[in-house]
Amino acid sequence: MADERKLRILIAKPGLDGHDRGARVIARAFRDAGFEVVYTGCHQTPEQIVSTAIQEDVDLIGLSILSGAHRYSFPRIMELLKENNAEDITVIGGGIFPLEDIPKLKAIGIKEIFEPGAKLDDIVQWVRTHVKPRKAMVS
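Now for a description of the structure that goes with this document. Model, not experiment: these values are computed from the prediction. (Residues numbered from 1 in each chain as written. Predicted model: local features only at pLDDT ≥ 70, side-chain atom pairs only at ≥ 80, totals over all residues. Heavy atoms only, no water.)

1. Some thoughts on the overall build of the protein chain
Part 1: The helix and strand tally for the protein chain stands at five helices and five strands.
Part 2: Walking the protein chain from its N terminus toward its C terminus, one meets helices and strands in the order β-α-β-α-β-α-β-α-β-α.
Part 3: In summary, the protein chain has a C-alpha radius of gyration of 14 Å against a globular reference of 14 Å for 139 residues, a match within 12%.
Part 4: Counting across all 139 residues of the protein chain, residues that qualify as buried make up 47%.
Part 5: Long-range pairs, those at least 24 residues apart, make up 71% of the contacts in the protein chain between residues at least 6 apart in sequence.
Part 6: Element-wise, carbon and sulfur atoms account for 53% of the exposed surface of the protein chain, whose accessible area totals about 7900 Å².
Part 7: Where the 19 positive side-chain charges of the protein chain centre and where its 20 negative ones centre are 3 Å apart. (Helix = DSSP H or I, 4+ residues; strand = E, 2+ residues; numbered from the N terminus. Rg over C-alpha atoms; globule rule 2.2 N^0.38 Å. Buried < 20%, exposed > 50% of the residue type's maximum accessible area, 1.4 Å probe, protein only. Contact = heavy atoms within 4.5 Å. Areas by Shrake-Rupley, 256 points an atom, 1.4 Å probe, with all protein chains shown as cover. Lys, Arg positive; Asp, Glu negative; His and termini not counted. Charge placed at Lys NZ, Arg CZ, Asp CG, Glu CD.)

Below you can see the structure in the form of structure tokens.
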């Protein structure tokens, strides 16, 4: 259909975490599943991530983190999305998180957390089920 477009996904590595293998693997899995993927690379600030998400008109932000900085960066990203009237962008996280932090992250609006060992097919299926293209931006 003309109104339906491919999902656009931003994969980002917030903070000083330089281990990007997981981010590159999920970016490739999303691309292979037919999604449009923008990968920002490592060492992104929350401001850079949100700015890129808005500029690229993405439907989903996937945050990959192993450093423990999720306690700062994830809430800050959610605040910036709200400040920029972009709360309709779905945000998910992947990486290593203390189990007690996962409910806190979901409480601030992170829709899902995928831990090590999550199957790529399951993540892709979650996205297909839970994320729809945002309304087209009006110029």
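2. Section: the packing of helix 1 (residues 21-32) against helix 5 (residues 120-130)
Part 1: Viewed as axis vectors pointing N to C, helix 1 and helix 5 meet at an angle of 60°, and their least axial separation amounts to 10 Å. It follows from the interaxial angle that helix 1 and helix 5 lie oblique. Helix-helix and strand crossings are classified by hand; for helix 1 and helix 5 the assignment is right-handed. Side by side, helix 1 and helix 5 meet where V25, I26, A29 and F30 of the first sit next to L120, I123, V124 and V127 of the second.
Part 2: In the contact of helix 1 with helix 5, the residues fall into eight nonpolar, no polar and no charged. (Axes fitted to C-alpha atoms, helices over the stretch in contact; angles between N-to-C directions. Parallel < 35°, antiparallel > 145°, perpendicular 65-115°, else oblique. Left-handed = near helix turned anticlockwise from the far one by under 90°. Nonpolar A, V, L, I, M, F, W, Y, C, P; charged D, E, K, R; others polar.)

3. Some thoughts on the pairing of strand 4 (residues 90-95)
Part 1: The element strand 4 is largely enclosed, with a buried count of six among its six residues.
Part 2: Here strand 4 shows no split at all, with T90, I92 and G94 on one side and V91, G93 and G95 on the other all buried.
Part 3: In this structure, strand 3 (residues 60-65) lies alongside strand 4, joined through six bridges in parallel fashion. Each bridged residue has a counterpart across the sheet, and for G62 the counterpart in strand 4 is I92. (Pairing = 2+ DSSP bridges.)

Shape is all these values report; function is a separate question.
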